[in-house]
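# A closer look at the structure
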Amino acid sequence: VGERRKDFALRCDVLDQKSEGESFDQDFDGLFTLWLTSYVEVSCSASYRRVMAGIYKKHVKPWIGRKRLEEVKKKEVYQLLARADKAGLSSSVIKKIRMCVSAPYAWAEKSLGLAVISPTLGLVYKVKEKKTTKRDRVIKEDDLARFLEVSDRTKYRVYFRLLATTGLRPSEGLGIQAKDLEGDVLHIRRAVTRMEFSDLKTSAARRDIPLTPDLKALLYAQRRATLFQTKEGWLFPSGGGPPAMVAVESCFKRCLKATTVYKRGGHNHLKKLSVITPPIRFSLYDFRHTFATKMAERGMGAKILQYLMGHEDIATTLSYYIGVTDAMREEAIEMMAKII
């Protein structure tokens, strides 16, 4: 469904060649396109397809796209990775560049039965360490208060407070429906990303979040206000229709900009003369980092925090907060002083 005629014909040619025991009579670009349409579009998310297609078009296709499969050598793949590394791309992007080559070859061998050997087999490339300054992902209390005060004047006020109070992924918060509210519990069952309506990220993401009295009151009031706007009962619809991450992100950016404090003057004292306090800067996902850190500071156990965050691996949970804050270090010193 939705497959282009050109891609369909290419896939049929490959299947015909497979049945006849012939080799793949296409260049690497043909194989990548076939892998993308026949495997990625069927088995992976739309966002993954978009990312891989973009990386391939920019960092792989110009150099090896026109080469036949047997002509792509290990040296050329190494040069692709080195070129990306020299350009300062992150290690995750470099890994995806390698995957743009290795994954189609592996799929062609296992799914199409083609006698091909990936040029990445046995290839060792160590990404150069880059000096980066990591920003603090924990939102300061004053900044959070300023943001929430501004966001209270928008339609997504409850959404932003939900993220700050529960540490939900932004896509999980946007995926809530009226039926997910039950008593003092919020059921997390789906997500709405920028690209699509999707299942949850992992099996551990399917969870039930306990609600504080204040948050419960906000969510039930939001449900009453939006109950009949959509047939699915979305809690945070976009203009009376399905929820849209683009709309949320646009509102979020406006709220950040609105936290700027100006020195004003003029005949009506409204003209902006200069900036007294610059706008707050953080990401939508930083609500999640802040929640995890604050809960750890207050002594919440790692296992319950892992459950609330929806992590499969507790190491992921620990990476959010262990050794991050001065408050935790000070508490450790106090505990150590009491040993003797």
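Each value, and the rule that gives it
Residues numbered from 1 in each chain as written. Predicted model: local features only at pLDDT ≥ 70, side-chain atom pairs only at ≥ 80, totals over all residues. Heavy atoms only, no water. Core = buried A, V, L, I, M, F, W, Y, C linked by side-chain atoms within 4.5 Å. Buried < 20%, exposed > 50% of the residue type's maximum accessible area, 1.4 Å probe, protein only. Helix = DSSP H or I, 4+ residues; strand = E, 2+ residues; numbered from the N terminus. Contact = heavy atoms within 4.5 Å. Pairing = 2+ DSSP bridges. Expected span 1.5 Å × (residues − 1). Arc of directions from axis to C-beta.

### A short note on the nonpolar core
By size, the foremost hydrophobic cluster in this structure holds 44 residues, and its most contacted members are F147, Y159, F160, L186, L219 and F287. Sorting the residues of this core by element identifies α7 (141-151), α8 (157-166), β2 (185-188), β3 (191-192), α10 (213-226), α11 (245-258), α12 (286-297) and α13 (302-309) as the ones contributing at least two each. No other element matches α11, which puts six residues into this core. The contact partners of Y159, leaving out residues within four places of it in the chain, are P170, G173, L174, F236, M245, V248 and L284. Counting 31 residues, the second-largest nonpolar core is a separate cluster that includes V72, I94, A108 and L112.

### Concerning the pairing of strand β6 (residues 261-265)
A regular strand carries its side chains on alternate faces of the sheet. Relative to strand β7 (residues 271-277), β6 runs antiparallel, the two being bridged by five bridges. If you follow K263 over to β7, its bridge partner there is S274. Linking β6 back to β7 in an antiparallel pair, the connection comprises five residues, with G266 at a positive phi of about 85°.

### Things to note about α11
The end-to-end C-alpha separation of α11 is 20 Å, in line with the 20 Å expected for 14 residues at 1.5 Å each. M245, V248, C251, F252, C255 and L256 are the residues of α11 that are buried. Buried residues of α11, seen end-on, are gathered within an arc of 140° and therefore sit on one face of the element. Pointing more than 90 degrees away from the buried face of α11 are the exposed residues V246, K253, R254 and K257. At its buried positions, α11 is contacted by α7, α8, α9 (170-174), β3 and α12.

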